[in-house]
Amino acid sequence: MIDTKVPEIDLKMFQARDWKLEIFGCPACKEALVAEGDIMYCPSCRTVYQVDNGVPVLLSDQLKAPLFRQELPVKSYYLNERYDWTRDPKGLEYCYHHYRKWETWSALKKFLEPESLVLDVGCGTGLITGILSRNRYRTVALDLNRWALFQMNGKPYVAKAQADAESLPVQDESVDLVIATEVIEHLEEPGKTAEEMLRVTRPGGRIIGSVPNRHPLWNMRRQLSISCPGNEPFHRNFNRREIAELWQKAGRKAEISAICLGMNWLWIVKK
């Protein structure tokens, strides 16, 4: 096992800060990180995080061991999933993903300014991150699945990190807009992620996300989908009241609307 605690390091040896380091935070204490080569380092709690082919592995020590031992069935499934939202979908599934992409973009672009810093939680292979990149918005893209993050190699204005949605490696109040599309339904404790997204959003910022609702078509998902693996350990469909209550418990009121021909809920929360 690698010892993640290191002796005193002269911080002058680290590179000058850039915009990504104004967002990335230690998973353990949420304080700012500094970077050098293939490590990121927390000067507050003195923990080191490895950087794998340019992607920081910002997972807590408490999560890494059971995750990689496959002791967390839900998280371990998404750690190893191989599905590309931008290339794999076929037929109706392709239409669905790309329709929700443009409906999401239509909602979120209203809140973007030229200097906005954006966080895409559960970004997958970049269905939404790709639009932000093409429009030159600086985006931190987080996902538990490192393979998915590597599919976005070369995208400008994007900083990627392997991360857990229930413990975001992001500094307090450091981003203007948080996006979480088709993520909450895969989480066993979505309330934790709602609280985390609020923590990292600046006052006046927005959190925008979507989840599948209880439209009857979802009952035929495995029959209609060509590339859906069909063996997900956890996939929850929400009604409007459940989304409202999720954000009420976090102390906020959500603006909720139906998208994708009534198959999904989209929420907008202002901090």
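Bear in mind the structure is a predicted one, so any value in this text is a computation, not a measurement.

Analysis parameters
Residues numbered from 1 in each chain as written. Predicted model: local features only at pLDDT ≥ 70, side-chain atom pairs only at ≥ 80, totals over all residues. Heavy atoms only, no water. Pairing = 2+ DSSP bridges. Helix = DSSP H or I, 4+ residues; strand = E, 2+ residues; numbered from the N terminus. Disulfide = S-S within 2.5 Å. Phe/Tyr/Trp six-rings, centres within 6.5 Å; stacked < 30°, edge-to-face > 60°. Buried < 20%, exposed > 50% of the residue type's maximum accessible area, 1.4 Å probe, protein only. Polar contact = N/O pair within 3.5 Å; in protein donor to acceptor, adjacent residues only side chain to side chain. Contact = heavy atoms within 4.5 Å.

### So, the sheet that holds strand 3 (residues 48-52)
Whether parallel or antiparallel, the strands of a sheet pair through hydrogen bonds between backbone atoms. If you walk across this open sheet you meet the four strands as 1-2-3-4, and the pairing is antiparallel. The outermost strands of the open sheet, each flanked by one partner alone, are strand 1 (34-36) and strand 4 (55-56). Relative to strand 3, strand 2 (residues 39-41) is paired through three bridges, and the arrangement is antiparallel. Paired with Met-40 across the two strands is Tyr-49, which belongs to strand 3.

### Digging into the state of the cysteines
The full count for this structure, using the stated rule, is zero disulfides. In this structure Cys-26 is a free cysteine whose sulfur lies 3.5 Å from that of Cys-45, the closest cysteine sulfur available.

### Observations regarding the packing of aromatic side chains
Within this structure, the stated rule accounts for four aromatic pairs. Residues Tyr-77 and Tyr-78 carry aromatic rings whose centres are separated by 5.0 Å and whose planes lie at 90° to one another, so their mutual orientation is edge-to-face. Overall, the relative accessible area of 12% leaves Tyr-78 in the buried class. For the pair Trp-105 and Tyr-137, a centre-to-centre distance of 6.5 Å together with 55° between the ring planes defines the contact as tilted. A residue pair is termed long-range when its members are at least 10 positions apart, and Trp-105 in helix 3 (residues 91-108) and Tyr-137 in the loop between helix 4 (129-134) and strand 6 (138-143) qualify at 32 residues.

### Digging into the side chain of Asn-239
Looking at the secondary structure, you find Asn-239 in the loop between helix 7 (221-224) and helix 8 (240-249). Separated by 3.2 Å, the side chain of Asn-239 and the backbone nitrogen of Arg-241 make a polar contact. Those residues in contact with Asn-239 that lie beyond four places of it in its chain are Arg-214 and Trp-265.

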